[in-house]
Amino acid sequence: MNLIALAGNQNSGKTTLFNELTGTNQYVGNWPGVTVEKKMGHLKNDKQLMLLDLPGVYSLSPYTLEERISRKYLIEQPPDIILNILDSTNLERNLYLSLQLMETGLPIVLALNMWDLLKKQKRTINLKKMEYLLSVPVIPLSAVKKENISGLVTQVKKAAQEPPKYTYPEYDNRLESALEMISQQIQDHVAPSKLRWYAIKFFERDEKVIQKIKLTSHQQQEVEDIITTAENIFAESSDSIIVNARYDYVAQIMAMCVIDRNDFQMSLS
Ligand code: GDP
Ligand code: K
Ligand code: MG
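Residues numbered from 1 in each chain as written. Chains lettered and ligands numbered in written order. Predicted model: local features only at pLDDT ≥ 70, side-chain atom pairs only at ≥ 80, totals over all residues. Heavy atoms only, no water.

(A) Main features of the pairing of strand E2 (residues 26-30). Relative to strand E3 (residues 37-43), E2 runs antiparallel, the two being bridged by five bridges. Each residue of the ladder has a partner; that of Gly 29, found in E3, is Lys 38. (Pairing = 2+ DSSP bridges. Helix = DSSP H or I, 4+ residues; strand = E, 2+ residues; numbered from the N terminus.)

(B) Molecular detail of the pattern of salt bridges. By the definition in use, this model includes 15 salt bridges. Where Glu 20 meets Lys 44, a salt bridge forms, and the shortest distance between an N and an O atom there is 3.7 Å. Taken together, the residues span a long stretch of sequence, with Glu 20 in helix H1 (residues 14-22) and Lys 44 in the loop between E3 and strand E4 (46-53) at a distance of 24 residues. Of the residues examined, Lys 44 reaches a relative accessible area of 37% and is grouped as partly exposed. Asp 46 serves as the salt-bridge partner of Lys 157, at 3.4 Å between the closest nitrogen and oxygen. A residue pair is termed long-range when its members are at least 10 positions apart, and Lys 157 in helix H6 (residues 149-161) and Asp 46 in strand E4 qualify at 111 residues. Lys 157 sits in the partly exposed class, given a relative accessible area of 33%. Residue Asp 46 is classed as buried on the basis of its relative accessible area, which comes to 15%. The structure contains a network of salt bridges with shared partners spanning Glu 103, Lys 201, Glu 204 and Arg 246. (Salt bridge = Lys/Arg side-chain N within 4 Å of Asp/Glu carboxyl O. Buried < 20%, exposed > 50% of the residue type's maximum accessible area, 1.4 Å probe, protein only.)

(C) Just the packing of aromatic side chains, in detail. The tally for this structure, following the rule as stated, stands at four aromatic pairs. Aromatic side chains Tyr 96 and Tyr 247 sit 4.4 Å apart centroid to centroid with 15° between the ring planes, which places their arrangement in the stacked category. With Tyr 96 in helix H3 (residues 91-103) and Tyr 247 in helix H11 (residues 238-257), this residue pair connects regions lying 151 residues apart in the sequence. Judged by its relative accessible area of 36%, Tyr 247 falls in the partly exposed class. Ring geometry for Tyr 171 against Tyr 249: centres 6.1 Å apart, planes inclined by 80°, an arrangement best described as edge-to-face. Pair noted here: Tyr 171 is in the loop between H6 and helix H7 (173-186) and Tyr 249 is in helix H11, with a separation of 78 residues, a long-range link. Per residue, the accessibility class of Tyr 171 equals that of Tyr 249, and both read buried. Just above the ring of Trp 31 sits the side chain of Lys 38; from NZ or CZ to the centre is 4.6 Å. The positively charged end of Arg 174 is found above the aromatic ring belonging to Phe 234, 4.3 Å away from the centroid. (Phe/Tyr/Trp six-rings, centres within 6.5 Å; stacked < 30°, edge-to-face > 60°. Lys NZ or Arg CZ within 6 Å of the ring centre and 35° of its normal.)

(D) Molecular detail of the sheet that holds E2. Read across the open sheet, the seven strands follow the order E2-E3-E4-E1-E5-E6-E8; overall the sheet is mixed. This sheet does not close on itself; its edge strands, each paired only once, are E2 and strand E8 (138-140). Between one strand axis and the next, the sheet turns through 25° on average, direction left out of account. Pairing between strand E1 (residues 2-8) and strand E5 (residues 81-87): five bridges, direction parallel. The partner of Gly 8 across the bridge, within E5, is Ile 85. On the sheet, H6 packs against E1, E3, E4, E5, strand E6 (108-113) and E8 and is oriented at approximately 150° with respect to E5. (Axes fitted to C-alpha atoms, helices over the stretch in contact; angles between N-to-C directions. Contact = heavy atoms within 4.5 Å.)

Below, the structure is given as structure tokens:
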């Protein structure tokens, strides 16, 4: 059996898609120790694919209960695939979460929902380019209009059989070298597949991670020196460095892949 975690921002259409994919095959429980609803269900006509609905979040920081549930699950009980649903009409904000999901290193499929609304707005997204830039499958659909659900299911099944591999989104060179140096300090404490995630979390001085991964005091000092050096170079706090790096990356994707009516008119004139 393959486990697929459905992740996305609030109002991206997660519930609509989950209901469409699972139909009546749903089981509702709670996440351990909290009263946040945990929904699971297998795909209609396919008991081999189990879908888990993660709480709607904008980020994987440790600040809200929903964020903590989502990231703890993705890191400690990783699913086979993340099915990331995005609102295509709010791509910038939604991609910010996608990048963080990709930082976990787990195989991921991007479902660009609300495609009907995007068309109505006379905008479009260059899917081929987006797939190329992110090196992950990107599927347009409309959950509420039931458009291209089958295309998505096909892609998810394909991904379950052969998990798509990708290279991490690469951020600013100076940030990348800091992350590389942190990775060297922490590599004996975390699994190789999670090195990227933990390097970024240490760089952000993420309290949950600092508590969980017990570095030696020498390593702690080395990591702190790396972070401080980066903060001096960028003249920013380390968490802002990461936030800005993600937004810069999203801005590049937006500039290269999103086409609206004004662009068409300009290219015609
Ligand atoms: P969630 O917060 O991510 O679970 O989102 P919901 O599934 O509750 O959907 C939020 C709103 O968007 C609801 O009013 C849905 O009917 C609507 N919605 C979901 N998918 C689509 C879609 O593909 N197209 C359009 N036009 N609306 C959608
Ligand atoms: K909602
Ligand atoms: Mg919902």
